[in-house]
Amino acid sequence: MSDGPTYGFDTLQIHAGARPDPATGARQTPIYQTTAYVFRDAEHAAALFNLQEVGFIYSRLTNPTVAVLQERIATLEGGVGAVCCSSGHAAQIMALFPLMGPGCNVVASTRLYGGTVTQFSQTIKRFGWSARFVDTDDLDAVRDAIDENTRAVFCESIANPGGYVTDIRALADISDSANIPLIVDNTSATPYLCNPISLGATLVVHSTTKYLTGNGTVTGGCIVDSGKFDWSSTDKFPSLSQPEPAYHGLKFHETFGPLAFTFHGIAIGLRDLGMTMNPQAAHYTLMGIETLSLRMERHVENAVRVANWLEGHQHVDYVTYAGLASSPYNDRAAKVCPKGAGALFTVALKGGYEACVKFVDSLEIFSHVANLGDTRSLVIHSASTTHRQLTPEQQEAAGAGPNVVRISIGIENAEDLMADLDQALNKAHS
Ligand SMILES: *Cc1c(COP(=O)(O)O)cnc(C)c1O
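Residues numbered from 1 in each chain as written. Predicted model: local features only at pLDDT ≥ 70, side-chain atom pairs only at ≥ 80, totals over all residues. Heavy atoms only, no water.

J.: Explanation requested: the site of the ligand in the structure shown.
T.: Around the ligand sit 15 residues, and of these G88, D185, S207, T209 and K210 come closest. With respect to the ligand, the backbone of G88 contributes an N or O atom lying 2.8 Å from an oxygen atom. Contact between the ligand and H89: an oxygen atom at 2.9 Å from a main-chain N or O atom of the residue. Contact with the protein chains hides 92% of the accessible area of the ligand, taken as 380 Å² for the molecule alone. Counted by class, the shell around the ligand contains two nonpolar, 10 polar and three charged residues. (Near = heavy atom within 4 Å. Polar contact = N/O pair within 3.5 Å; in protein donor to acceptor, adjacent residues only side chain to side chain. Areas by Shrake-Rupley, 256 points an atom, 1.4 Å probe, with all protein chains shown as cover. Nonpolar A, V, L, I, M, F, W, Y, C, P; charged D, E, K, R; others polar.)

Structural data, given as structure tokens:
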């Protein structure tokens, strides 16, 4: 398929990046289950290793199946390039790696996936990096947190699990003035519901484990580059603007222009960190993306119905879903994610911690798992699981207090979901 800017989302989610297999004519993208690729001759091999020619060397770096997925996600997000990797958490490290160095910090939202809060507040310290957490609704606090060692601002478009929508445009204005990139985790919204790059984001990261794959089969991650940041306009990003000793002095930005971040991600990131996506995982995710828009429409439709119904339930204290008229983020959602506020929300039960545990144990259609964005409806009591490592203050800030259950609405019949929730709520309060 030629790169026409005129194709719609439904067409691109099926065709972008893919072409009939040149060797066999296979219409579906084959799973290139191979570690290495035969060089045409020694000269070809040398050119590939010098990054003078683009091609396949070894599957830690690139693989044809993974390459199709990269092009597809980059296209759907409106980026110039993308790098896939082994998980969403790997994508976050891969996104920060070219930007950070010892002593550098990232300014991050307090409302992030629990695992990201742990990764940023604890693990990245081992690299000499740090994170400064701020309430991203307090734009002055965001500005104040940025100092000369800040290398990025990081947020989620729709934050999991608190039903919070980020004002991406406002954060982009702040990061633009500071001349640092804005990184947006678009996992819970997906490019169908939200386009962070069109709102000013520099980089978009994904856990493809969730809605993009959509069926709970494989973990994966992706970093998409908008191609818009001028890495040479400042001395803050030497990995991208200065000579790279591991490539005998090559300057990524000067050589690859808007594709500098993507090439760096493959040539340095995947080469030396090795957080590679395997071709089987890419295959499952490609299968999932073919139906992304159809699934997201049903996810949103079901979430709106179930959240409205839950809000009126006698055992429910409150529901935080930006798709509800009662949500303080309802107006912002209309701008940031006009096709819907996702399918992930939290419900606070009047019976507190005890009722939450009993509720989760009584559900039949909903599975109690540490996952989201599956076709199946899922539920988790965050305070005793995903957000267990967080302090009570961090739990509250993330919308994951002890009285709260997170729900990921699937694409089953909404009536069946409501009946299941109703019987479990009644059991939990008996
Ligand atoms: C799941 C998730 C991650 C981490 O992704 P993994 O694939 O589990 O490593 C990061 N951000 C968000 C918003 C997520 O939901």
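J.: What is the right way to look at the sheet that holds strand β1 (residues 81–85) in this model?
T.: In any sheet, the strands associate via hydrogen bonds between backbone groups, in a parallel or an antiparallel arrangement. Pairing is mixed across the open sheet formed by seven strands, whose spatial order is β1-β9-β8-β7-β4-β2-β3. Of all the strands in the sheet, the pair left with one neighbour each is β1 and β3 (130–134). Averaged over neighbouring strand pairs, the angle between their axes works out to 20° when direction is ignored. Note that strand β8 (residues 203–207) and strand β9 (residues 221–225) share five bridges and pair antiparallel. Pairing of L203 across the sheet is with D225, part of β9. Along the sheet face, helix α4 (residues 88–96) touches β1, β2 (105–109), β4 (150–156), β7 (182–185), β8 and β9 and points at about 160° away from the line of β8. Where helix α5 (residues 114–121) meets the sheet, its contacts fall on β2, β3 and β4, and the angle it forms with β3 comes to roughly 130°. (Pairing = 2+ DSSP bridges. Helix = DSSP H or I, 4+ residues; strand = E, 2+ residues; numbered from the N terminus. Axes fitted to C-alpha atoms, helices over the stretch in contact; angles between N-to-C directions. Contact = heavy atoms within 4.5 Å.)

J.: Any chance you could explain the packing of aromatic side chains here in plain terms?
T.: When we look at a pair of aromatic rings, we describe it by the centre distance and by the angle of the planes. As enumerated under the stated definition, the model contains 14 aromatic pairs in all. Ring geometry for F9 against Y192: centres 5.2 Å apart, planes inclined by 65°, an arrangement best described as edge-to-face. Remark: Y192 occurs in helix α8 (residues 190–193) and F9 occurs in helix α1 (residues 9–15); sequence separation between them is 183 residues. Residue class for F9 comes out buried when judged on its relative accessible area of 19%. Taking the relative accessible area as the measure of exposure, Y192 reaches 8% and is therefore buried. Across from the ring centre of Y164, 3.9 Å away, lies the NZ or CZ of R111, which sits over that ring. (Phe/Tyr/Trp six-rings, centres within 6.5 Å; stacked < 30°, edge-to-face > 60°. Buried < 20%, exposed > 50% of the residue type's maximum accessible area, 1.4 Å probe, protein only. Lys NZ or Arg CZ within 6 Å of the ring centre and 35° of its normal.)

J.: Where do I start with the sheet that holds strand β12 (residues 367–368) in this structure?
T.: Taken in spatial order, the five strands line up as β10-β11-β14-β13-β12 in an open sheet, and their pairing is mixed. The sheet is open, and its two borders are formed by β10 (316–320) and β12, each paired with just one other strand. Relative to strand β13 (residues 378–380), β12 runs parallel, the two being bridged by two bridges. Counted as the bridge partner of H368 is V379 from β13. Across the sheet, helix α13 (residues 292–311) touches β10, β11 (344–349) and β14 (404–408), and the angle it forms with β11 is around 10°.

J.: So what exactly am I meant to see when it comes to the environment of V107 here?
T.: Within the element layout of this structure, V107 appears in strand β2. Judged by its relative accessible area of 1%, V107 is buried. Those residues within four positions of V107 in sequence are excluded, and the remaining contacts are R132, V134, V142, A145, I146, T150, A152, V153 and F154.

J.: Is there a simple way to explain the domain arrangement of the protein chain in this structure?
T.: Where interface size is quoted, it is often the accessible area lost as the parts come together. For the protein chain, the assigned domains are domain 1 (9–288) and domain 2 (292–428). On a C-alpha basis, the centres of domain 1 and domain 2 stand 29 Å from each other. Taken together, domain 1 and domain 2 are joined by one salt bridge. In this structure, R332 engages D137 in a salt bridge whose closest nitrogen and oxygen atoms are separated by 2.7 Å. The interface formed by domain 1 and domain 2 includes 13 residue pairs in polar contact (both at pLDDT 80 or more). Contributing elements (two or more residues each) for the side of domain 1 that touches domain 2: α1, α5, β6 (164–165) and α8. Here the residues of the side of domain 1 that touches domain 2 are counted per class, giving 17 nonpolar, 17 polar and five charged. (Domains from an automatic or database assignment. Salt bridge = Lys/Arg side-chain N within 4 Å of Asp/Glu carboxyl O.)

J.: Would you mind going over the pattern of salt bridges with me for this structure?
T.: If you walk through the whole model with that rule in mind, you get 10 salt bridges. Across the pair R111 and D135 runs a salt bridge, and its minimum N-O distance is 3.0 Å. Residue R111 is found in the loop between β2 and α5, and its partner D135 is found in the loop between β3 and α6 (139–145); the two are separated by 24 residues along the sequence. Residue classification places D135 among the partly exposed positions, given a relative accessible area of 32%.

J.: Mind showing me how you'd approach the side chain of H283 here?
T.: Mapped onto the fold, H283 is located in helix α12 (residues 279–289). You can call H283 buried: its relative accessible area is 17%. Once you skip the residues sitting within four places of it in the chain, H283 turns out to touch T29, I31 and T65.

J.: In this structure, what is going on with helix α7 (residues 168–177)? I would like to understand it.
T.: Side chains that are three or four residues apart share a direction in an α-helix, a result of its 3.6 residues per turn. Along α7, the residues classified as buried are I168, A170, L171, A172, I174 and S175. Tucked into the core, α7 has its buried residues touching α6, β4, β7 and α14 (330–336). Two residues or fewer after α7 comes N179, characterised by a positive phi angle close to 55°.

J.: Help me understand the packing of helix α3 (residues 64–77) against α12 in this model?
T.: Axis angle and axis distance: for two packed helices, these are the angle between their axes and the distance between the axes, and together they describe the pair. Relative to each other, α3 and α12 sit at 35°, their axes nearing to 8 Å. For the pair α3 and α12, the sense of crossing is left-handed. Where α3 abuts α12, its residues T65, V66, V68, L69, R72, I73 and L76 lie against P279, A282, H283, T285, L286 and I289. Of the residues assigned to the contact of α3 with α12, the class counts are nine nonpolar, three polar and one charged. (Left-handed = near helix turned anticlockwise from the far one by under 90°.)

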